[in-house]
Amino acid sequence: MFPAKVARAAGSGGSVPVESCQVCGHAPLATVLSLGYMPPVNQMVAIGKVPRQQPWFPTNLLHCPKCELVQLGLAVDPVIIFPPEYPYTSGTTKLLRDNFAELYAEAAGMLALAPQDLIVDIGSNDGTLLSNFKSHRVLGIEPTEVGKIASSCGIPTLTRYFTPAVAAEVKREHGPARVVTAANCFAHIEDVHAIVEGILDLLAPDGVFISESHYLIGLLERLQYDTVYHEHLRYYSLASLAHLLQMHGLEVFHARPIPTHGGSIRVYAARRGVRPVNASVAQMLAGEPRGEAMRARLDKFRNEVMLSKLRLLAMLRDLKEQGARICGISAPSRASTLVNYLGLDEAIVDYVCEIAGSLKIGKCMPGTSIPVIEESRLFSDQPDCAIIFSWHIADELAPKLRAQGYRGKLLTPLPVPREL
Ligand SMILES: [Zn+2]
């Protein structure tokens, strides 16, 4: 039923090229975009440490003509891209906190959740999502150390990668789950069919799987090539995601766009026929290109990405010719793709600011010697220009930076480089 077992990067200590579709097994896949070689986004070297050798991975986006899945051309061993010291926490982004509060309101209402219902979150990170579900039974599953933050806040968390074996173990100990959530991690796990089988096993007969993933159509529209990095193996449209779930007998019954990560999709699925299908599903599907139209859309995207790089470099060249000092605002994973695709270094960007408490402070931007420092420096230093690398939340960040007294130019690099 599922593609024959292919070589897996997990456990290899390295990487494995994706030579056939991760979902349907079709080959060959068409190349959409090539961003060159990239360092792992979350391996950040301490400031001042002598640079040592480190792996760089080819970063190509591929399209499956059969099931429409857009996917990365290389799978990297999770021990490399999700090291135990993984410095990403959901709780630091207001947009994410608000989104998860809203997810709870929507899900609790639509699914009529009861206090004894078990909610399991896969890739539960610091527990931000589950903190909204605390009036029910909750369990987080998180492979990195960040899970300890959740545990310390009273959210039971297993420090494990989610696998069918872990799903079976959870079911034995806690019973079946009424809801399984996977927010911004369902595109990250290599053996996706095993994951869906694990979810299916864990779900009660009337259980619901809710996933949030970065949305391919939004990625194309807002030119978010900077979200292409090795954590993200798949870039779902609703059509490709629904197809994957269908292969396992799961039916999407509600879907809608949400604003997180610059444009994501929230999808509700249950066993086929268990729940009536909301009109939202057909509506979203109707807005997605397929076949020839998708190929044309992807070609257009490739051209726009290339032009965007040249435009941003031209803008930075003009600034540097005028002697401007440039810094960066925030160091999300996506900044690593932008910085490395453009070839920015510490001669162009003096430093990148993160808010106090960020685990990235004291380290260098991946693949470069650009230091990441605490944000207060921005206000004492007043560099001429600041590039907002978290440009997808520029509306949240820019007014704060002004209110705190930053007087220089604020630039957003994408979708079109511009001064705010
Ligand atoms: Zn496919």
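In this report, the structure presented in the accompanying data block is examined. (Residues numbered from 1 in each chain as written. Predicted model: local features only at pLDDT ≥ 70, side-chain atom pairs only at ≥ 80, totals over all residues. Heavy atoms only, no water.)

**Overview of the coordination of the zinc ion**
Thought 1: The coordination sphere of the zinc ion contains the protein donors Cys21 (SG), Cys24 (SG), Cys64 (SG) and Cys67 (SG), at a distance range of 2.3 to 2.4 Å.
Thought 2: Classification of the site at the zinc ion rests on its four donor atoms, whose angles at the metal span 101 to 117°, yielding the label tetrahedral.
Thought 3: Ordering the donors of the zinc ion by residue number gives the pattern C-x2-C-x39-C-x2-C. Side by side, Cys21 and Cys24 carry an identical accessibility label, which is buried. (Donors = N, O, S within 2.8 Å, 3.2 Å for Na, K, Ca; no water. Tetrahedral: all angles 85-135°; square planar, octahedral: opposite > 155°, others 65-115°. Buried < 20%, exposed > 50% of the residue type's maximum accessible area, 1.4 Å probe, protein only.)

**Regarding the pattern of salt bridges**
Thought 1: Summed over the entire model, instances satisfying the criterion amount to 20 salt bridges.
Thought 2: Here Arg256 makes a salt bridge to Glu102, at a shortest N to O gap of 2.4 Å. Taken as a pair, Arg256 in strand β12 (residues 250–258) and Glu102 in helix α2 (residues 94–111) lie far apart in primary sequence, 154 residues in all.
Thought 3: Glu106 is paired through a salt bridge with Arg266; the nearest N and O atoms lie 2.9 Å apart. Here Glu106 is found in helix α2, whereas its partner Arg266 is found in strand β13 (residues 264–271), with 160 residues between them in sequence. No difference in accessibility class separates Glu106 from Arg266, as the two residues are buried.
Thought 4: One connected set of salt bridges, linked through shared partners, spans Glu102, Glu106, Glu212, Arg256 and Arg266. (Salt bridge = Lys/Arg side-chain N within 4 Å of Asp/Glu carboxyl O. Helix = DSSP H or I, 4+ residues; strand = E, 2+ residues; numbered from the N terminus.)

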